[in-house]
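Descriptive structure summary
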Amino acid sequence: EYLKALYPGELSRGLVIAYDSRNHSREFAVEAAAVLTASGIPVKIFKELEPIPVLSFSVRHFHALGGIVITASHNPPEYNGYKVYGEDGGQLVPKKADVLTEYVEKVKDLSAIDHRTREDLITWLGEDVVDLFIDTIFKESRYHGNPPPLKVVYTPLHGSGRVPVEKILGKAGFKDLLIVKEQEMPDGDFPTVSSPNPENEDALSLGIRLGKETGADIVIGTDPDSDRIGAAVRKGSQFTLISGNQMGALLTYFLLSTGKDRLTPASTLVKTVVTGELAADIAESFHVQVVETLTGFKYIGEKITEWERNPAHDFVFGFEESYGYLAGTHARDKDAVVTAMLICEMAAYYRSIGSSIKQRLEEIYAQYGRYLNKVDSFEFPGLTGMEKMASIMQKLRDQPPVELAGHKVVKVTDYKKPEETGLPAANVLIYTLENGATVVVRPSGTEPKIKTYFTTLGKDLAEAQAQKDALAAAIEPILK
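Here we summarise the structure given alongside this text.

The rules behind each value
- Residues numbered from 1 in each chain as written.
- Predicted model: local features only at pLDDT ≥ 70, side-chain atom pairs only at ≥ 80, totals over all residues.
- Heavy atoms only, no water.
- Pairing = 2+ DSSP bridges.
- Helix = DSSP H or I, 4+ residues; strand = E, 2+ residues; numbered from the N terminus.
- Contact = heavy atoms within 4.5 Å.
- Axes fitted to C-alpha atoms, helices over the stretch in contact; angles between N-to-C directions.
- Buried < 20%, exposed > 50% of the residue type's maximum accessible area, 1.4 Å probe, protein only.
- Parallel < 35°, antiparallel > 145°, perpendicular 65-115°, else oblique.
- Nonpolar A, V, L, I, M, F, W, Y, C, P; charged D, E, K, R; others polar.
- Patch = residues over 30% accessible without salt bridge, like charges linked within 9 Å, V, L, I, M, F, W, Y side chains within 5 Å.
- Areas by Shrake-Rupley, 256 points an atom, 1.4 Å probe, with all protein chains shown as cover.
- Salt bridge = Lys/Arg side-chain N within 4 Å of Asp/Glu carboxyl O.

So, about the sheet that holds strand β20 (residues 449–458). Reading across from one edge, β15-β20-β19-β18-β17-β16 is the order of the 6 strands in this open sheet, with antiparallel pairing throughout. Each edge of the open sheet carries a strand with a single partner, namely β15 (370–379) and β16 (403–404). Sheet topology note: the β15/β20 ladder contains 10 bridges and is antiparallel. Looking at β20, one finds that F378 is bridged to I450. Of the strands in this sheet, β17 (407–414), β18 (429–433), β19 (438–443) and β20 touch helix α13 (residues 385–398), which is tilted by about 145° from β19.

Structure representation (structure tokens):
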């Protein structure tokens, strides 16, 4: 009904549907196709599980009205979910999602919904679409298929990334690639990890073990819908995890320094409000504009679409601290497939000049300052959890702290006040302290948690960590 109201006369453009490895994802995807075709709306659905960026690319490629992905991304195995994409290939932003939700809430009798599949309105998509996606993202390559040697360990964490990541790394020229066999095949129970989240060391532990056994240079892992990617890099005989903010800064430096000839006064980096400032400092040193959005890659995708008709901005790179990155405009969501190629090219480049990702990071800190970005979470399970979270956020607004860890709060930014921020309303608070540190407080969008994001800047890591620890200790009593 939403589509019929929004696109009268255009329904023949149809929708694209994808799904990942979670339990029953394919069944839910087929059922969604049944409901749509029963209503006369054509559907293109993938024969096999596919990543988020393939779906986003396909919506745009086929000029579809939108897309659906059945996934719960990086959450624990008991979850599943339903992501909705607009005709630009981006997830619906709230102003559009709220309209769709009104249609959902009008449904009172599920038994009245016709879900008799019309096979004449279904097209099954195969590897030819994935290959077109691979050819498109390969345009972002810095080595065009001839990189310096690099030994890579990759784990798809039982998800949808294995085929496209293997394809892009092969096309990019990385011949020394090892897959973590225990995590190679799709499995919605994710039996080898507590949670298939590449942000967690546990998720990459089998990859790191294989990396140590085989002398690999880097370990990378993608989450079940392959929009997030984590990495661990060799340092001596051990492997060091790279955080989301660190990788965002590293990729920003690599892409800008190796692509100087592509930069123009309109070149723009996009980051979210909870992402650290190091990448912004790097971008500004290359005379690249920096634009901030609310948390959620849908807002970064929205900017890319806006700028297609705005010569003042040319999208170069976008990322958020939660391990999501996008180079190129082929998609409107984070893309772990293209990022896998770029991370490996970056690692190969630094290795070829006698350096490493870890050493480059330390050099970046020496040049731009020792930023530290840390995220803490406070869980509120059970039926009263959401109420408790709402109460805490309201208390923070009614009685904002005047100081934290001995430092005066000089600015409070409340993103529920769009008239002050210039961005859509969101349940986010940012406290800026007199020493330049920031503390961000926001409820998670997918789990019963309140997240706190700390950004501190010290002369070295120990000083930055001490500042963070003091701030965390100061804010913890407020969030209980």
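Take unusual backbone geometry next. Positive phi, normally seen in glycine, also occurs at L157, with a value near 50°. By the element assignment, L157 lies in the loop between β6 (152–155) and α6 (162–171). Positioned with a positive phi, F190 is a non-glycine residue whose angle comes to about 45°. Relative to the helices and strands, F190 is located in the loop between β7 (177–179) and α7 (201–214). A relative accessible area of 1% places F190 in the buried class.

Ordered in space as β4-β3-β1-β2-β5, the 5 strands form an open sheet in which the pairing is mixed. Each edge of the open sheet is held by one strand with a lone partner, namely β4 (82–85) and β5 (122–125). Geometrically, the sheet is characterised by an average inter-axis angle of 20° between neighbouring strands, direction not taken into account. The pairing of strand β2 (residues 43–46) with β5 spans 4 bridges and is parallel. Along β5, the bridge assignment pairs I45 with W124. Helix-sheet contacts for helix α2 (residues 25–38) involve β1 (15–19), β2, β3 (66–70) and β5, and the interaxial angle to β1 is about 165°.

Let us now look at the packing of helix α8 (residues 244–258) against helix α12 (residues 357–368). Look at α8 against α12: their axes get within 10 Å of each other, and the N-to-C directions meet at 85°. When the interaxial angle is binned, α8 and α12 end up roughly perpendicular. Note on element contacts: α12 touches α8 through I357, R360, L361, I364, Y365, Q367 and Y368, opposite Q246, L250 and Y253. Looking at side-chain class alone, the contact of α8 with α12 contains 7 nonpolar, 2 polar and 1 charged residues.

Okay, a nonpolar patch on the surface next. A surface patch of nonpolar side chains, amounting to about 270 Å² of accessible area, comprises V107, L110 and I113. In this fold, L110 is placed in the loop between α4 (94–106) and β5. Accessibility expressed as a relative area gives 66% for L110, which makes it exposed.

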